[in-house]
Amino acid sequence: MLRQRGERAIARRADHGAQQERISKAVWSILAGKGIEHLTIRSVAAEAGCTTGLVMHRFPGRKALLAHARDLLHARTRVRVERLEAETGTPRAALRAILAQGMALNEDSAQEALVWMGFLAASVGDDDLIALHRKNNRAWRDRVERLVADAAPDWGPARVRAAAFALVGAAEGAAQLACFDPESYSAETQEAMLDSLLDAYGLA
């Protein structure tokens, strides 16, 4: 009897996880493919193939969906940059790899840039969403600042911070521009821009 109860509990947890993943994918798909204005409880339910009640059980409103999308973006990015940092041999190689992954160099990263912009647009006038964006964006900026300091150990804190801000701004700006003008801001153009900037700072 106890074993059966345990098995049912495990099955419920697995089902809950599968439902959560399905809803997360639906939120991501709508934000990246249709835009922020189409993100509603109803549209997420339709995309996920479930009821609106199930979506609302996980996320009681649109704001919760947006916060989930931002957290999901941060989590995806964190996993990727931690892997890249572990795989690269030098601080400068890690810095370039991590900045490059933040650009719109392929379909997946272009989708991430669109989700980022959609969340930011929806956050205007909402202190809670802005606070979430600032927290996650500062974590990303702090990582870049640490890598700049590792790559240029002779630099003072002010110089490291200025370079980190410039590099983050360039990478994120290129990603947003590439989403709407991929011909002008191709992957090759974005990477050439990044290499030129790193070279100018003596971090290539």
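Residues numbered from 1 in each chain as written. Predicted model: local features only at pLDDT ≥ 70, side-chain atom pairs only at ≥ 80, totals over all residues. Heavy atoms only, no water.

1. What to know about the pattern of salt bridges
- One pass over the structure, following the stated rule, counts 13 salt bridges.
- For the salt bridge of Lys63 with Asp126, the shortest nitrogen-to-oxygen distance reads 3.3 Å. Remark: Asp126 occurs in the loop between helix H6 (107–123) and helix H7 (127–151) and Lys63 occurs in helix H4 (residues 62–87); sequence separation between them is 63 residues.
- Across the salt bridge formed by Arg96 and Glu191, the nearest N and O atoms sit 3.0 Å from each other. Within this pair, whereas Arg96 is found in helix H5 (residues 91–101), its partner Glu191 is found in helix H9 (residues 187–200), the two being separated by 95 residues in sequence.
- You can call Glu191 partly exposed: its relative accessible area is 28%.
- One network of salt bridges, with partners in common, ties together Glu82, Glu85, Arg143, Arg146 and Asp150. (Salt bridge = Lys/Arg side-chain N within 4 Å of Asp/Glu carboxyl O. Helix = DSSP H or I, 4+ residues; strand = E, 2+ residues; numbered from the N terminus. Buried < 20%, exposed > 50% of the residue type's maximum accessible area, 1.4 Å probe, protein only.)

2. With respect to the domain arrangement of the protein chain
- We note that the domain assignment places domain 1 (1–59) and domain 2 (70–200) within the protein chain.
- Taking only C-alpha atoms, the centre of domain 1 and the centre of domain 2 are 29 Å apart.
- On the side of domain 2, nine residues touch domain 1, which itself brings five residues to the contact.
- Carbon and sulfur atoms make up 81% of the surface buried where domain 1 meets domain 2, a total of about 690 Å² over both sides.
- Contact with domain 2 buries area across many residues of domain 1, yet Trp28, Ala32 and Ile36 alone supply 78% of it, more than any other trio.
- For the pair domain 1 and domain 2, the number of links is zero salt bridges. (Domains from an automatic or database assignment. Contact = heavy atoms within 4.5 Å. Buried area = accessible area lost by both parts, 1.4 Å probe.)

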